[in-house]
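Notes for the structure review
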Amino acid sequence: MQMKELMVRAIYCEMLGYEASFSYIHAIKLAQQGTVLEKRVGYLAVSLFLNESHELLLLLVNTVLKDLQSTNLIEVCMALTVVSQIFPKDMIPAILPLVEEKLNHPKEIIRRKAVLALYKFYLIAPNQVQHIHNKFRKALCDKDPGVMTASLHIYLQMIQEKPEGYKDLTASFVTILKQVVGGKLPMDFNYHSVPAPWLQIQLLRILSLLGKNDQR
């Protein structure tokens, strides 16, 4: 039986509530050395088995670094996904430049996952991403609505903490809201013929924070 099949069974055991800690190191190895499909199963298992403080996660750092520099889009996507879910706080400086680079990637799915990874970094180590606020603004104006939507998570968090620092973006958020309400986004964003309702809610939350205690 192939290791990836055994790993799927280990995942199933953990989902049922049984500990399968014997398989954790094998999940790391699968992510490091397997084929693309095996790496995918390995990364999935790692994201389900381990938490950010688990000591085995350090063994995955070099693999993530290598995959972030890969020319294979699937490998880059897998690395960004695991980074946005679990990654040691102390290791963020090692991969931050590579994640920043992905904000300019020609593929929108890579840019979107990079934004979500930076959002994760902001939640666990905000001081380490303070210097790239201008790149967040670029993501807000991205031509792909998925990338723009992902950037709103970061802005909602930052505006909750310091609304006065982002009042200059009010017009941008209003413009985006008008585009959403006007049905300018792809049909995939609609829900029962309502244009992107969750995105509308998020934009309204942002605008309410920006307008709080503002007489203008």
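Note that the coordinates shown come from a computational prediction; the quantities given were computed from them, not determined experimentally. (Residues numbered from 1 in each chain as written. Predicted model: local features only at pLDDT ≥ 70, side-chain atom pairs only at ≥ 80, totals over all residues. Heavy atoms only, no water.)

With that settled, the discussion passes to the overall build of the protein chain. Across its full length, the protein chain holds 11 helices and 0 strands. Each helix and strand of the protein chain, ordered N terminal to C terminal, gives the series α-α-α-α-α-α-α-α-α-α-α. Viewed in the frame of its principal axes, the protein chain has a C-alpha envelope of about 65 × 40 × 35 Å. Going through the 216 residues of the protein chain one by one, you find that 45% of them count as buried. Considering only contacts in the protein chain between residues 6 or more positions apart, those separated by 24 or more positions represent 63%. (Helix = DSSP H or I, 4+ residues; strand = E, 2+ residues; numbered from the N terminus. Buried < 20%, exposed > 50% of the residue type's maximum accessible area, 1.4 Å probe, protein only. Contact = heavy atoms within 4.5 Å.)

Overall, the coordinates contain 6 salt bridges when judged by the stated rule. Across the pair E100 and K135 runs a salt bridge, and its minimum N-O distance is 3.0 Å. Here the residue E100 occupies a position in helix α6 (residues 92-101), and K135 occupies one in helix α8 (residues 133-140), the gap between them amounting to 35 residues. Taking relative accessible area as the criterion, E100 reaches 11% and is therefore assigned buried. A salt bridge links R112 to D144; its shortest N-O distance comes to 3.6 Å. With a gap of 32 residues between them, R112 in helix α7 (residues 108-124) and D144 in the loop between α8 and α9 (145-161) connect regions that are remote in the sequence. (Salt bridge = Lys/Arg side-chain N within 4 Å of Asp/Glu carboxyl O.)

It is worth spelling out the packing of α8 against α9 at this point. Packing of α8 against α9 brings their axes to within 8 Å, and their N-to-C directions diverge by 135 degrees. Here α8 lies oblique to α9, going by the angle between them. Of the two elements, α8 crosses α9, and the hand of that crossing is left-handed. Touching H133, F136, R137, A139 and L140 of α8 are V147, M148, S151, L152, I154, Y155 and M158, all from α9. Residues belonging to the contact of α8 with α9 are distributed by class as follows: 9 nonpolar, 2 polar and 1 charged. (Axes fitted to C-alpha atoms, helices over the stretch in contact; angles between N-to-C directions. Parallel < 35°, antiparallel > 145°, perpendicular 65-115°, else oblique. Left-handed = near helix turned anticlockwise from the far one by under 90°. Nonpolar A, V, L, I, M, F, W, Y, C, P; charged D, E, K, R; others polar.)

Just geometry here; none of it tells us what the structure is for.
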